[in-house]
Amino acid sequence: MKKKNHKYIFVIGGVMSGVGKGVAVSAIGKILQAKGFSVNPVKVDPYLNVDAGTMNPTEHGEVFVLDSGMECDQDMGNYERFMEVNLGSEDYITSGMVYKQVIEKERALGYKGKCVEAIPHITDEIRRRIERAAEVSGSDVSLVEIGGTVGDYQNIMFIEAARGMKLKNPGDVLFIIVTYLPIPNKIGEMKTKPTQNAVRQLNSYGVQPDIIIARSEVALDAKRKEKIAIWCNVPAEAVVSAPDIESIYEVPLNFERDNIGALILERLGLKSRVRKDGLAKWRNFVARVKNPKGEAKVAIVGKYFDSGDFVLSDAYISVIEAIKHSAAKLGIKANLTWLNAKKLETGEEKVETLKNYAGVIVPGGFGESGIEGKLAVIKYCRENKIPFLGLCYGMQLMCVEFARNVLGLKDANTTEINPEAPHKIIDIMPDQKKKLAEGNYGGSMRLGAYPAQLIPGTIAHRAYSNSLDYKLEVKSYLPDGKASKLISERHRHRYEVNPEYVEELKKNGLVFSGKSPDNKLMEIAELPRRVHPFFLGTQFHPEFKSRPLAPHPLFTEFLKVCVKLGK
Ligand code: GLN
């Protein structure tokens with residue numbers, strides 16, 4: 001139920017995108033939690049896609065998956081990591097969802113003959129969704145990030161809905177704008193004009209920001225704060241300096257230097273509920289990130305890097321963060337290199353370069369391009385005993401490689417690439433085939449959290465059991481009458497290891513150390529330690545559940561072996 005006097009904080013971007021609004025929101029959430037308040041973050045994406053599932057990662061970065069199976073924006077991953085929460089489907093809102101609902105209601109005569117209009121019907125639906133998220137979470141504060149930048153055409157409805165909420169309960173609603181202050185090379189001075197213009201634009205919608213978070217390369221000086229205060233109509237103490245920093249995890253600590261927590265509480269008429277330093281553990285974690293005692297060189301072999309002339313690793317953000325969490329736990333820094341699977345396939349880059357790395361990761365992916373490159377990488381890692389971690393597609397390809405080169409089934413493949421392959425090592429399960437035949441592509445994916453049992457005596461079982469900080473959400477489970485524990489991990493894939501080949505793969509030495517509770521689906525594959533130091537793949541995405549203070553045991557185990565073997 002929504003609490004009385006529940007508070008809403010809306011965060012909007014100004015000047016330009018990509019300046020770290022999602023991280024700013026995550027940091028504010030962390031700070032409010034540290035002051036004793038429960039927070040439910042909500043991401044609003046103004047695009048018309050109903051969810052992020054159909055988007056190519058090079059378009060919009062990684063598709064993050066919640067326990068519920070909701071496919072959403074990568075910012076949701078940042079919220080979960082910073083605030084240590086598991087978010088629900090109601091915490092994600094797109095224009096697509098909003099319009100779909102309103103149009104369906106209209107078609108069903110839900111508006112009783114009225115003319116249905118953007119205002120108030122779309123804005124009402126937005127408000128309903130935001131309030132519903134607050135209700136479901138039972139939190140003290142909703143922290144709503146409105147995607148895009150002020151001045152975009154697409155997010156106007158969301159800002160209008162928020163304006164209406166403030167009008168109704170002025171004391172319970174706060175607006176924060178995150179802007180950027182450029183320091184043009186030739187001028188050499190930090191300029192406030194773009195921020196002034198962004199705030200003016202927001203004013204033209206009837207919204208005055210209460211707090212301005214000013215991103216820039218360096219910290220703002222008193223003069224710049226004063227200038228923004230005068231022109232943007234806020235007191236100078238409401239201008240928070242947010243300079244570039246080494247690690248995103250330092251942002252909450254940095255914001256607190258400008259006392260943003262106290263400022264927000266004061267504006268919302270709240271008092272801190274905590275006396276001690278609520279960020280102590282976080283501070284510790286950041287110290288470990290910033291002062292590593294060693295390093296491990298890790299190669300990530302992927303394909304979603306190209307964005308025009310630029311190379312972005314946004315598509316793999318959860319993998320990168322999961323590695324960072326485990327590295328901090330081990331007190332080291334993981335030095336990451338991106339290898340393009342397509343170049344490895346054409347021979348433009350040589351697999352032999354892999355011997356320069358302590359370990360190799362093949363993350364998730366879809367489709368044909370770069371596949372043979374990835375298979376060559378996996379073969380090289382297996383034969384040369386280089387620690388290898390395969391995630392989803394990486395695990396499926398690990399099974400294909402093993403079938404081709406150890407079982408000698410030369411034309412083994414996944415039916416995602418070759419539906420007619422004589423040896424369909426990775427295939428669609430029968431019930432999914434039916435859905436696909438009906439053209440139901442979305443419905444044929446295995447999405448969200450599923451339980452799995454771990455097989456005692458395996459690397460996976462040991463890694464999970466030894467990891468006290470990782471909350472497994474394990475339940476007691478009784479396979480064949482013996483009490484065991486279940487793990488819960490998030491999935492996003494259509495294909496599975498074909499049960500018809502499981503026995504043969506096992507006979508030849510591949511161990512399935514994680515399975516679905518009914519034994520039908522293979523969830524983790526590995527080689528025993530006596531054969532290979534670390535060769536393990538997961539059908540699920542462990543990276544979605546890793547948290548700074550609770551790193552994922554499989555990433556930690558992988559890195560531990562990398563460090564031990566050196567490089
Ligand atoms: N393309 C594979 C499948 O759909 C793997 C997906 C993934 O890596 N997320 O099964």
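Residues numbered from 1 in each chain as written. Predicted model: local features only at pLDDT ≥ 70, side-chain atom pairs only at ≥ 80, totals over all residues. Heavy atoms only, no water.

The chain appears in an unreviewed UniProt entry as CTP synthase. According to the UniProt record, the Sequence similarities (unreviewed entry) comment for the chain is "Belongs to the CTP synthase family." In UniProt, the chain has this text filed under Function (unreviewed entry): "Catalyzes the ATP-dependent amination of UTP to CTP with either L-glutamine or ammonia as the source of nitrogen. Regulates intracellular CTP levels through interactions with the four ribonucleotide triphosphates." (UniProt positions renumbered as here; feature names shortened; annotations may be inferred.)

Chemist: Break down the nonpolar core for me, with residues and values.
Modeler: I9, F10, I28, I213, F255 and I264 are the most contacted members of the largest nonpolar core, which totals 96 residues. Looking at which element gives the most residues to this core, the answer is helix α1 (residues 21-34), with eight residues. Beyond its immediate sequence surroundings of up to four residues, I9 is in contact with L32, V141, S142, L143, V144, L174, I176, I264 and L268. (Core = buried A, V, L, I, M, F, W, Y, C linked by side-chain atoms within 4.5 Å. Buried < 20%, exposed > 50% of the residue type's maximum accessible area, 1.4 Å probe, protein only. Helix = DSSP H or I, 4+ residues; strand = E, 2+ residues; numbered from the N terminus. Contact = heavy atoms within 4.5 Å.)

Chemist: Run through the sheet that holds strand β21 (residues 496-497), naming residues and quoting values.
Modeler: Ordered in space as β16-β17-β21, the three strands form an open sheet in which the pairing is mixed. Both outer strands of the open sheet, β16 (412-414) and β21, are each paired with one neighbouring strand and no more. The strands that helix α15 (residues 393-405) touches are β16, β17 (423-427) and β21; relative to β16, the one it contacts most, it runs at about 165°. (Pairing = 2+ DSSP bridges. Axes fitted to C-alpha atoms, helices over the stretch in contact; angles between N-to-C directions.)

Chemist: Can you explain helix α8 (residues 222-232)? Please cite residues and give values.
Modeler: Along α8, the positions that sit buried rather than exposed are R224, K225, I228, A229 and C232. Across the axial projection of α8, the buried residues extend over an arc of 135°, all falling on one side. Summarising the geometry of α8, the exposed residues directed more than 90 degrees from the buried face are A222, K223, I230 and W231. Structurally, α8 contributes buried residues whose contacts are with α7 (193-204), β8 (211-216) and β9 (239-243). Immediately downstream of α8, the backbone of N233 shows phi near 65°, a positive value. (Arc of directions from axis to C-beta.)

Chemist: Residue-level account of the site of the ligand, with values.
Modeler: Inspection of the region around the ligand gives G364, G365, F366, C392, Y393, Q396, E416, R492, H493, R494, Y495 and H541 as its neighbouring residues. At 2.6 Å from a nitrogen atom of the ligand is found a side-chain nitrogen or oxygen belonging to E416. Broken down by secondary-structure element, the contributors of at least two residues to the shell around the ligand are α15 and β20 (484-493). A per-class count over the shell around the ligand returns four nonpolar, five polar and three charged. (Near = heavy atom within 4 Å. Polar contact = N/O pair within 3.5 Å; in protein donor to acceptor, adjacent residues only side chain to side chain. Nonpolar A, V, L, I, M, F, W, Y, C, P; charged D, E, K, R; others polar.)

Chemist: I'd like a rundown of a nonpolar patch on the surface, residues and numbers included.
Modeler: Where nonpolar side chains cluster on the molecular surface, the patch consists of L48, Y99 and I103 and spans about 300 Å² of accessible area. Turning to its location among the elements, L48 is positioned in the loop between β2 (39-45) and α2 (57-60). (Patch = residues over 30% accessible without salt bridge, like charges linked within 9 Å, V, L, I, M, F, W, Y side chains within 5 Å. Areas by Shrake-Rupley, 256 points an atom, 1.4 Å probe, with all protein chains shown as cover. Salt bridge = Lys/Arg side-chain N within 4 Å of Asp/Glu carboxyl O.)

Chemist: Kindly report on the side chain of S516, identifying the contributing residues and their values.
Modeler: Relative to the assigned elements, S516 resides in the loop between β22 (511-515) and β23 (522-526). One polar contact links S516 to D518, side chain to side chain, over a distance of 2.6 Å. Not counting residues within four places of it along the chain, the set of residues in contact with S516 comprises P451, Q453, L521 and E523.

Chemist: Break down the sheet that holds β8 for me, citing the residues and quoting the values.
Modeler: Reading across the sheet, the seven strands line up as β5-β2-β6-β1-β7-β8-β9 and stay open at both edges, with parallel pairing between neighbours. Two strands in the sheet have a free side with no partner beyond their single neighbour: β5 (92-94) and β9. On average, each strand axis in the sheet is tilted by 20° relative to the strand beside it, whichever way the strands run. In the sheet, β2 pairs with strand β6 (residues 141-149) via six bridges, with the strands oriented parallel. Bridged to K43 within β6 is E145. The strands touched by α1 are β1 (7-13), β2, β6, β7 (173-180) and β8; relative to β6, the strand with the most contacts, the crossing angle is about 170°. Running at roughly 170° to β2, helix α3 (residues 74-83) makes contact with β2, β5 and β6 of the sheet.

Chemist: Residue-level account of the packing of aromatic side chains, with values.
Modeler: In the structure shown here, the tally under the stated rule is 11 aromatic pairs. With 5.2 Å between their ring centres and 70° between their planes, Y249 and F285 make a pair best called edge-to-face. Here Y249, found in the loop between β9 and α9 (251-257), pairs with F285, found in helix α11 (residues 280-290); they are 36 residues apart in sequence, far enough to count as distant. F285 sits in the buried class, given a relative accessible area of 0%. Relative to W338, the ring of Y316 has its centre 5.9 Å away and its plane inclined at 25°; by these criteria the two rings are stacked. Note that Y316 is positioned in the loop between β12 (310-311) and α12 (317-330) and W338 in strand β13 (residues 333-340), a separation of 22 residues in sequence. Since its relative accessible area comes to 26%, W338 is described here as partly exposed. Ring-pair connections join several aromatic residues into one group, and the members of that group are F82, Y249, W282 and F285. A cation over an aromatic ring shows up here: K297 above the ring of Y357, its NZ or CZ 5.8 Å from the ring centre. Residue placement shows R446 over the ring face of Y450; its charged tip is 5.0 Å from the ring centre. (Phe/Tyr/Trp six-rings, centres within 6.5 Å; stacked < 30°, edge-to-face > 60°. Lys NZ or Arg CZ within 6 Å of the ring centre and 35° of its normal.)

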